[in-house]
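# Close look at the chain arrangement
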Amino acid sequence: MDVTLGADTKQLSEIVVTAVGIERQEKALAYSTDVISSRSLTQGRDTNPIAALQGKVAGVNIGKSSGGVNSSTRITLRGTRSFQGENQPLFVVDGIIIDNTSIQPSTGSTNQVDVGNRVGDINPDDIESITVLKGPSAAALYGSAGGNGAIIITTKTGRDAAAQGRKAAVTFNSSFTAETVLKLPDFQNEFGSGYDLETYVPFENTNYGPRFDGKPVQLGPPAIDGSVQTIPYSAVRDNVKNFFNTGTTFQNSVALQGGNEKANYYLSFSDATQKGIIPDDKFRRNTLKLTAGSQLTQKLSATTSISYNHNKTDVTFQGSGNGSVLNNVLNTSRQVDLENYKDFINNKFATLDGWFSGYYDNPYRSIADNRYVSNLDRVLGNATLNYAPLDWLSFTYRAGADISFDRRKERNAIRTYTSRRWPNDGSDYAGQAIDRPANNPGRLAETDIFISNITTDLLATVKRDVTPDINVTFIAGGNIFARTIQQTSQTANALSIPGYYNLANRVGEITPSDDVNRRRRVGIYGDLTLGFRNYLFLNATARNDWSSTLSPDARSYFYPSVGLSYVFTESIAPLKDNKILTYGKIRASYAKVGNDATAYQLINTFPAATGFPYGSLPSFTVSNLSRNPNLKPEQVKTYEAGLEFGLLNDRIGGEVTYYKTTSSDLITQISVPYSTGFTQAVLNVGKVENKGLESSLRFTPVRTSSGLRIDVGANFSFIDSKVLELFPNVSQLDLGSGDPVPSAIVGQPFPVLKGSAYLRDPQGRIVVDASGYPRKDPTLQILGRVNPKYIIGGNLTVAYKGVRLAAVVDARKGAVLWSGTRSTLAFTGSSLETASNGRESFVIPNTVVQNSDGSYSPNTKAVADGGFEYWYNRTHGVIQESNIIKADYLKLREVSLTYDLPKALLEKSPFGRASIGFSGRNLLLFVPSDNKFIDPEASLFGTNNSQGREYNNIPSTRSYGANLSVTF
């Protein structure tokens, strides 16, 4: 029976695929690794293999940025360390470095799209296993590319079927899941449109009007034909919930594999089709993969693999602005039933001029008018030759490419509103201009993104027994890595004919952009492992890289690593074959790696200018960024020590790891005085320290001869970080813009959110003014850390005679999140908190007033009212601390139930194996009581470094599904 926990149990003889495809015995490793099996990856039926790691590996922080189709998944190992550089790990598929970029169409909060990330292109059913190399020690042979650790993905090759003598085996997998919204804000259902608590305003999106009384009221201005819409003045409690669809995901894959003792092959095709919870949002991924291997001669073997996938994404925008569908939904008054306005063509009260709001559009109209469409083609291939002229000597040459071409089209429709006035009907608005949203001239942007990664490796491996007690393995190799990104775009910022989305339909000139980014890195490396009596292992590596992105004086950089692994249960006689302490190992390692710069940071560039020197004449001017010809590589030093153990015939096992990483000379763009002629400059600055404790435990409390087995696993991570220094006389570096903004601050965790805050007394109580309203601190304050301090995961597996139940939980604690959704709901008066005091005058709890002598006294002054003035004008709209929520959560991440049909039942069928299953993801979510708004995994900017903020993101989802797998 095949029983697998989230992370595979480590055995003495386990072989682990490590850096540059080197296979090692687990007991020889001097650093922590985790191996996740194919079955564990696919049990929850997530389309993204990285999301399937959530809760299963210690020291790993994974977050899915939204509940949209093909949403991006960000992963960091052991915290973040670089101010502006890459903080995600290196991704390697079958020995080839692959691209995992997530290029957003917008750098601001408007027109945001979750474009996914490239690891999500891989079909999870094609993966054999994933090895997580958590730090520089484990990934040292990758050089500067491996400074953040590495994720090693090994795909299926057909070798297993070939080893069983099966010349052709067909496996078919099919699954269906339904997705519903996991968490929505808590809404108030007492008050409707208006802003002064007394007067109903038929065109207001804010819900600070009178209390609902159920009486008929006019909604919106009169239609063009003069007719008036009347509705009950009552809350539509589920108007937001009912806007969302039930999303669906169909995944089907078929694989043909087999071979013999000299050859193997694996051929697969997969189709994944998603329909989102946002109406009309959809995604489709098709993948075709072929892998083949052959023993050409007794000494020469070859393997090759190529995969092609096509992605089609068609979604609407999120974030702020009238182009964001969620922004329009959340700005819908509580008495409006959105489902009545789907037909914006024929329903006169759903059209541009007929929609009730004076400021925001019908969200169904936004869905149709504002779209992002992407067609991505990607080819990932590699070829490997292995030549072993002697028993102790072998050579490996590997070459691979990852090439993608993404064709994007963003469109925003022309919106022109009819200028009208209210009729002279004696109403409060008689004769006044009817408020309408701002006209929009339309927009069309077409972008082509070409990305190419080329990797080659040449390795020579020597394995010899020096004496009966000592064996040596030495690997020498060289690597060349070349990367090209070309991004070309054309934007029409105004259109002529409505509904015709062609660049020829522009008004004015097209705004063009053409960027080419090329970089190359060459490295040579060596790896030496000395083994003594198969229980003591010393490993040392050295690598030297030459980078095209650094100056000639700093282009070459060298970094070593060294590690020691001691399996004491193999060396101490009383412990050998011990039934209590089955396995014991201690290990320690040290590594130093570098990190080069992004391209074109050495010499000042001359981008295209606008309006210089004369009107629209083409011209170029010096960039506002001062480059640095003396850039040095970033430096990362890490120490790691750990203990691994197995007890009671391996019924209990686990490991504990402590690590400390120091990153310095971080390549960063900083602001400089305008008097320099620039606004920013590139420098080597700062030092960041990350340290932490990781532990995992596995336990098999039940294992009977009848086949019943229960496995329990848990992992825990403590991650602490601190900015040790920036540069002389500077203690803070903002990593972006806005309020709040992620920042690096000396002495604080990295990063933190810093922004406007309440003025507080020494005891932490909010200080109010003479009117009883909170005072704003004149100095920006630290609002909390962005990354969690504690990460906890747990899994349970129960198996009995072909039935397998598996569950995974995942928890985060210690971080905060700025919620633009909370701010929006305070603006509109839709959130439950805005009605917490019945919109009556109240004294803000636990507040004080400052006396003339500087002392503080309890506040007794009530605010004037509990309406718009308090909730937005005095708090959420001006003091961003009021929009901070705890990002802690506990999730029931996965539950799956699988039944393997008995072989006796299949004897007379064409099937060799068959199983049916049911699965669910994100079934339960528990958050702190103050988070009545969102799933704290949300992130507005996807996978990039600007974390800790969300703004009207598509809500996350829970999913339920069924799957079928047959082999014949």
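Calculation criteria
- Residues numbered from 1 in each chain as written.
- Predicted model: local features only at pLDDT ≥ 70, side-chain atom pairs only at ≥ 80, totals over all residues.
- Heavy atoms only, no water.
- Pairing = 2+ DSSP bridges.
- Helix = DSSP H or I, 4+ residues; strand = E, 2+ residues; numbered from the N terminus.
- Buried < 20%, exposed > 50% of the residue type's maximum accessible area, 1.4 Å probe, protein only.
- Contact = heavy atoms within 4.5 Å.
- 1 Å grid on protein atoms, 1.4 Å probe; cavity = no way out; pocket = protein on both sides within 12 Å on 5 of 7 lines; lining within 4 Å.
- Points joined across faces, edges and corners; volume = space filled by probe spheres on them.
- Nonpolar A, V, L, I, M, F, W, Y, C, P; charged D, E, K, R; others polar.
- pLDDT = per-residue confidence, 0-100.
- Polar contact = N/O pair within 3.5 Å; in protein donor to acceptor, adjacent residues only side chain to side chain.
- Core = buried A, V, L, I, M, F, W, Y, C linked by side-chain atoms within 4.5 Å.
- Axes fitted to C-alpha atoms, helices over the stretch in contact; angles between N-to-C directions.

## Here we look at the sheet that holds strand E3 (residues 33-37)
Read across the open sheet, the 5 strands follow the order E3-E8-E9-E6-E7; overall the sheet is mixed. Looking at strand neighbours, the two that pair on one side only are E3 and strand E7 (96-97), the edges of this open sheet. Sheet analysis places E3 next to strand E8 (residues 127-133), joined by 5 bridges and oriented antiparallel. Note on E8: the bridge partner recorded for Ser37 is Ser129.

## With respect to helix H7 (residues 868-876)
Because each turn of an α-helix spans 3.6 residues, side chains separated by three or four positions end up pointing in the same direction. Of the positions making up H7, those classed as buried are Phe868, Tyr870, Trp871, Thr875 and His876. Of the surrounding secondary structure, the elements contacted by the buried residues of H7 are helix H6 (820-828).

## So, the pairing of strand E37 (residues 816-819)
On a regular strand, each side chain points to the face opposite its neighbour's, so the side chains alternate between the two faces of the sheet. Burial along E37 is two-sided: Val816 and Trp818 and Leu817 and Ser819, pointing in opposite directions, are all buried. In terms of strand pairing, E37 meets strand E40 (residues 884-886) through 3 bridges, oriented antiparallel. Paired with Val816 across the bridge in E40 is Lys886. By the bridge criterion, 2 bridges tie E37 to strand E43 (residues 949-950) in an arrangement that is parallel. When the bridges of E43 are listed, Trp818 appears paired with Arg949.

## Examining empty space enclosed by the protein
The full count for this structure, using the stated rule, is 17 cavities of 30 Å³ or more. Taken as a whole, the largest cavity holds about 610 Å³ of empty space. In this structure, the largest cavity is lined by 49 residues; those nearest its centre are Ser66, Gly67, Pro955, Ser956 and Thr957. When residues of the lining of the largest cavity are traced back to their parent elements, those giving at least two are strand E10 (169-181), strand E13 (247-259), strand E14 (263-275), helix H3 (325-330), strand E41 (889-900), strand E42 (913-926) and strand E44 (957-967). Here the residues of the lining of the largest cavity sort into 14 nonpolar, 23 polar and 12 charged. Considering only enclosed or pocket space, the second largest cavity measures out at about 370 Å³ in volume.

## Concerning the confidence of the model for the protein chain
Considering every residue of the protein chain, the mean pLDDT works out to 92; 98% of them sit at 70 or more. In this model residues 1-12 is a low-confidence stretch, pLDDT under 50, and it forms 47 contacts with partners more than four residues away in sequence or in other chains.

## Describing the pairing of strand E24 (residues 581-595)
In this structure, strand E23 (residues 556-566) lies alongside E24, joined through 6 bridges in antiparallel fashion. Opposite Leu564, over in E24, you have Ala588 as the bridge partner. In this sheet, strand E26 (residues 634-647) lies alongside E24 in antiparallel orientation, the contact comprising 14 bridges. Paired with Lys592 across the two strands is Lys637, which belongs to E26.

## Description of the side chain of Asn207
Along the chain, Asn207 turns up in the loop between E10 and strand E11 (216-218). A distance of 3.1 Å separates a polar atom in the side chain of Asn207 from a polar atom in the side chain of Ser830.

## Looking at the nonpolar core
Formed by 37 residues in total, the largest nonpolar core has its most connected members in Leu219, Phe243, Phe244, Ile278, Val325 and Tyr341. When contributions to this core are tallied by element, the ones reaching two or more residues are H3 and helix H4 (363-369). Take this core: its biggest share by element is 4 residues, from H3. Setting aside its immediate chain neighbours within four residues, Leu219 contacts Tyr200, Pro202, Gln229, Ile231, Gln335, Val336, Tyr341 and Phe356. With 23 residues, the next largest nonpolar core counts Tyr31, Ile97, Ala139 and Ala150 among its residues.

## Considering unusual backbone geometry
Geometrically, the link from Asp739 to Pro740 is a cis peptide bond, its omega value of 5° lying close to zero. As for its position among the elements, Pro740 is in the loop between strand E30 (732-734) and strand E31 (741-745). Pro751 follows Phe750 through a cis peptide bond whose omega is -15°. Position of Pro751 among the secondary structure elements: in the loop between E31 and strand E32 (752-755). Unusually for a residue other than glycine, Tyr600 sits at a positive phi of about 65°. Summarising the element assignment, Tyr600 is placed in the loop between E24 and strand E25 (625-626). Even without being a glycine, Asn922 presents a positive backbone phi close to 55°. The topology assignment puts Asn922 in strand E42. Judged by its relative accessible area of 11%, Asn922 falls in the buried class.

## What about the side chain of Gln188?
Within the secondary structure layout, Gln188 lies in the loop between E10 and E11. In this structure the side chain of Gln188 is engaged in a polar contact, spanning 2.8 Å, whose partner is the backbone nitrogen of Glu190. Beyond its immediate chain neighbours, meaning those up to four positions away, Gln188 contacts Asn207, Arg334, Gly829, Ser830, Ser831, Leu832, Thr834, Ala835 and Arg839.

## Quick notes on the sheet that holds strand E39 (residues 856-858)
With mixed pairing, the 3 strands of this open sheet are ordered in space as E33-E38-E39. The open sheet terminates on both sides in strands that have one partner only, identified here as strand E33 (766-767) and E39. Bridge count for strand E38 (residues 847-850) against E39 is 3 bridges, and the pairing is antiparallel. Residue Gln850 lies in a different strand from E39, and its bridge partner there is Tyr856.

## Overview of the environment of Thr249
Structurally, Thr249 is set in strand E13. In this structure the C-alpha to C-alpha distance between Thr249 and Asn327, which are 78 residues apart in sequence, comes to 25 Å. In contact with Thr249, other than residues within four places in its own chain, are Thr47, Ser175, Phe176, Thr177, Glu179, Thr273 and Gln274. In this structure the side chain of Thr249 is engaged in a polar contact, spanning 3.0 Å, whose partner is the side chain of Glu179.

## Focus on the environment of Thr898
The topology assignment puts Thr898 in strand E41. Separated by 739 residues in the primary sequence, Thr898 and Arg159 place their C-alpha atoms 25 Å from one another. Thr898 has contacts with Arg39, Gly802, Val803, Arg804, Ser915, Ile916 and Gly917, leaving out every residue within four places of it along the chain.

## Side note on the packing of H6 against H7
Remark: H6 packs on H7, axes separated minimally by 8 Å, with the N-to-C direction vectors making an angle of 145°. Between H6 and H7, the contacting residues are Arg822, Ser823, Ala826 and Phe827 on the first element and Phe868, Trp871, Tyr872 and His876 on the second.

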